Amino acid sequence: MLTDPISDYLTRVRNALRADHPEVEIPASRLKKEMTRILVEQGYVDGFDVEPTRVGETIRIRLKYTEDRDPVIHGMRRVSRPGRRRYVSGSEVPRVQGGMGTAIISTSAGVMTGHEAREKGVGGEVVAYVW
């Protein structure tokens, strides 16, 4: 049984990047789809498709590399875990790598980047950091 699907999501992406795979398949959920949408908007991945499977859906993420075949994503870290949730207010939204990375925040207004949450003045659960 999988206890932390978001950690599994981040680990699958990290492993696929390390192995130089062109794409990775991940079991879908609403939060994972929104996280993937943010990664596409921020330019970390080329795109994604949601495909039906025998049971549920799968997200197929097209990974992005530089011309030297280095991954665009240098790191991903799970912040709020099932055993230790991390919530922030609208004024305490963290900056990742001095503003060069992205914080993914789950708020009452939906899943958004740390920058968007700061602009709207909403807080929530800090799901992950990507840089």
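Here the structure is shown first, and the text comes after it.
Quick look at the structure, then. (Residues numbered from 1 in each chain as written. Predicted model: local features only at pLDDT ≥ 70, side-chain atom pairs only at ≥ 80, totals over all residues. Heavy atoms only, no water.)

**As for the environment of Glu51**
Just so we agree on the cut-off: Under the DSSP-based scheme used, a helix requires at least four consecutive residues in state H or I and a strand at least two consecutive residues in state E, with every element numbered from the N terminus. Contacts are assigned to residue pairs that have any heavy atoms within 4.5 Å of one another. Within 3.5 Å is the distance limit for a polar contact, defined as a pair of N or O atoms, with the added protein rule that one can donate a hydrogen and the other accept it, and that residues adjacent in sequence qualify only through two side-chain atoms.
By the element assignment, Glu51 lies in strand β2 (residues 45-52). Once the C-alpha coordinates of Glu51 and Ser7 are considered, the two residues, 44 residues apart in sequence, prove to be 21 Å apart. Beyond its immediate sequence surroundings of up to four residues, Glu51 is in contact with Glu57, Thr58 and Arg60. A polar contact of 3.0 Å, which involves the side chain of Glu51, links it to the side chain of Arg60.

**Some points on the nonpolar core**
Condition: Grouping buried Ala, Val, Leu, Ile, Met, Phe, Trp, Tyr and Cys residues that are joined through side-chain atoms within 4.5 Å yields what is termed a nonpolar core. Categorising residues by exposure relies on relative accessible area from a 1.4 Å probe, with only protein chains included: less than 20% of the type maximum marks a residue as buried, more than 50% marks it as exposed, and the intermediate range marks it as partly exposed.
One finds Val13, Met35, Ile61, Leu63 and Ile73 to be the most contacted residues of the largest nonpolar core, which totals 24 residues. Of all elements in the fold, only α1 (5-18), β1 (23-27), α2 (30-41), β3 (57-63) and β8 (124-130) reach the threshold of two or more residues within this core. Residue contributions to this core peak at 6 residues, all from α1. Apart from the residues lying within four places of it in its own chain, the contact partners of Ile73 are Val13, Leu17, Tyr44, Val45, Val130 and Trp131.

**Looking at the sheet that holds β1**
Our working rule: DSSP bridges decide pairing: two strands pair if at least two such bridges lie between them. Lines fitted to the C-alpha atoms define the axes, with helices restricted to the stretch that makes contact. Angles between their N-to-C directions range from 0 to 180 degrees.
Pairing within the open sheet is antiparallel, and its 3 strands lie in the order β1-β3-β2. Single-partner strands in this sheet number two, and they are β1 and β2. When the angles between neighbouring strand axes are averaged without regard to direction, this sheet yields 20 degrees. Of the pairings in the sheet, the one linking β2 to β3 comprises 7 bridges and is antiparallel in character. Residue pairing across strands places Val45 opposite Leu63, the latter belonging to β3. Along the sheet, α1 makes contact with β1 and β3, crossing β1 at roughly 165 degrees.

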